[in-house]
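Topology and contacts: notes
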Amino acid sequence: MGFFENLKHGLSKTRTALIENTDALLSGKTVDENLLEELEEILIMADVGPETASSITGALRDKVKKGDIRTAPELKAALKEEIKKILREGHKIICTGEKPYVILTVGVNGVGKTTTIGKIARHFTDNGFSVILAAADTFRAAAIEQLEIWADRAGAEIVKHRSGADPAAVAFDAVASARAKDIDAVIIDTAGRLHTKTNLMEELKKIKRVIGKEMPSAPHEVLLVVDATSGQNAITQAKIFNEAVGVTGIALTKLDGTAKGGIILAINNELSIPVKLIGVGEGVEDLQDFSAEEFVDALYG
Ligand SMILES: Nc1nc2c(ncn2[C@@H]2O[C@H](COP(=O)(O)OP(=O)(O)O)[C@@H](O)[C@H]2O)c(=O)[nH]1
Ligand SMILES: [Mg+2]
């Protein structure tokens, strides 16, 4: 499958929820207040979020009043434009500048951090960059083993300590080792257990502080991984992590498994953090740079 086909396939459930339901709603109807309200319902069902859904339909309502939208096809086209307006994109994640480029990966358990790290690492090595993965999720031995498997697949090195070791020490060693060996990128895996939320945030802050001692400009990216199936919870998670460690980009995973991909609109509209990567499957090729244009085309295509 090509890149675009893959994206389209990954977004098929969201397309059904958002676009096909809109088509069904609009077919043969006149554009009136009732229709706009039903459209708002559809947006909310696709997890666009109440605030964002209401701002979209508000913009459409204004156009209806001005006479810019009279027919259902015009409404559909205008909806596409509103969606495009909301979706912003940040700069792509590439290793540039001073070596190593350090990515600190954060997020709650099970969202896809380790998998996303493996995919990014593979992408980097495919492009000729050398990579060290830091096994700073030291909470379970299995987490370290999982990262080792990804390191093997990606042709990356791994820096690990025993399970239970200080995560900040692992991260520090990884950055120091990368500097000594002139490695291009370090990607740090972290634990995400939430039952100790305060401890987790303190641990992440410490990791950030400690790697900053070895390399003052690091981390260059604090990548928050959120699961598209977690709905509005994703917004809450983003706020909590951002407050603690200053998130610079979001990777939105598992878009393939959900009809609730509208969450990407809520994230764009309610947060000032760009979505940089989207996950549309479990394979290495299923992590894509987020492009607003391509995303909307895949939804409507
Ligand atoms: N369908 C799908 N599954 C994913 C995606 N990203 C991660 N996963 C799966 O989510 C599960 C948890 O991933 P993991 O990386 O271990 O999460 P972590 O606890 O945050 O490190 C694994 O079974 C992954 O294969 C994605 O984009 N799509
Ligand atoms: Mg993990």
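All values reported here derive from a predicted model rather than from experimental measurement. (Residues numbered from 1 in each chain as written. Chains lettered and ligands numbered in written order. Predicted model: local features only at pLDDT ≥ 70, side-chain atom pairs only at ≥ 80, totals over all residues. Heavy atoms only, no water.)

1. Overview of the site of ligand 1
If you check the shell around ligand 1, you find 17 residues, and the closest are Gly110, Lys113, Thr115, Asp256 and Glu282. Measuring from an oxygen atom of ligand 1, one finds a backbone N or O atom of Val111 at 3.3 Å. At a separation of 2.5 Å, an oxygen atom of ligand 1 approaches a polar side-chain atom of Glu282. Bound to the protein, ligand 1 loses 78% of the 590 Å² it would expose on its own. (Near = heavy atom within 4 Å. Polar contact = N/O pair within 3.5 Å; in protein donor to acceptor, adjacent residues only side chain to side chain. Areas by Shrake-Rupley, 256 points an atom, 1.4 Å probe, with all protein chains shown as cover.)

2. A word on helix α3 (residues 33-45)
Residues spaced three or four apart along an α-helix point in a common direction, a consequence of the helix completing one turn every 3.6 residues. Relative to the 18 Å expected for 13 residues at 1.5 Å per residue, α3 spans 19 Å between its end C-alpha atoms, a close match to the ideal helical length. If you check which residues of α3 are buried, you get Leu35, Leu36, Leu39, Glu40, Ile42 and Leu43. Take α3 and look down its axis: the buried residues cluster within an arc of 160 degrees, on one side only. Projecting away from the buried face of α3 at angles above 90 degrees are the exposed residues Asn34 and Met45. In the core, the buried residues of α3 are packed alongside α2 (12-26), α4 (50-66) and α5 (72-86). Asp47 occupies a position one or two residues after α3 and carries a positive phi of about 70 degrees. (Helix = DSSP H or I, 4+ residues; strand = E, 2+ residues; numbered from the N terminus. Expected span 1.5 Å × (residues − 1). Buried < 20%, exposed > 50% of the residue type's maximum accessible area, 1.4 Å probe, protein only. Arc of directions from axis to C-beta. Contact = heavy atoms within 4.5 Å.)

3. With respect to the pairing of strand β1 (residues 101-106)
Judged by how many residues are buried, β1 sits mostly within the fold: six of six residues are covered. Pairing analysis gives four bridges linking β1 to strand β4 (residues 185-190), with the strands arranged parallel. Counted as the bridge partner of Ile103 is Ile187 from β4. With four bridges joining them, β1 and strand β5 (residues 221-227) adopt parallel strand pairing. In the strand pairing of β5, Leu104 is matched with Val222. (Pairing = 2+ DSSP bridges.)

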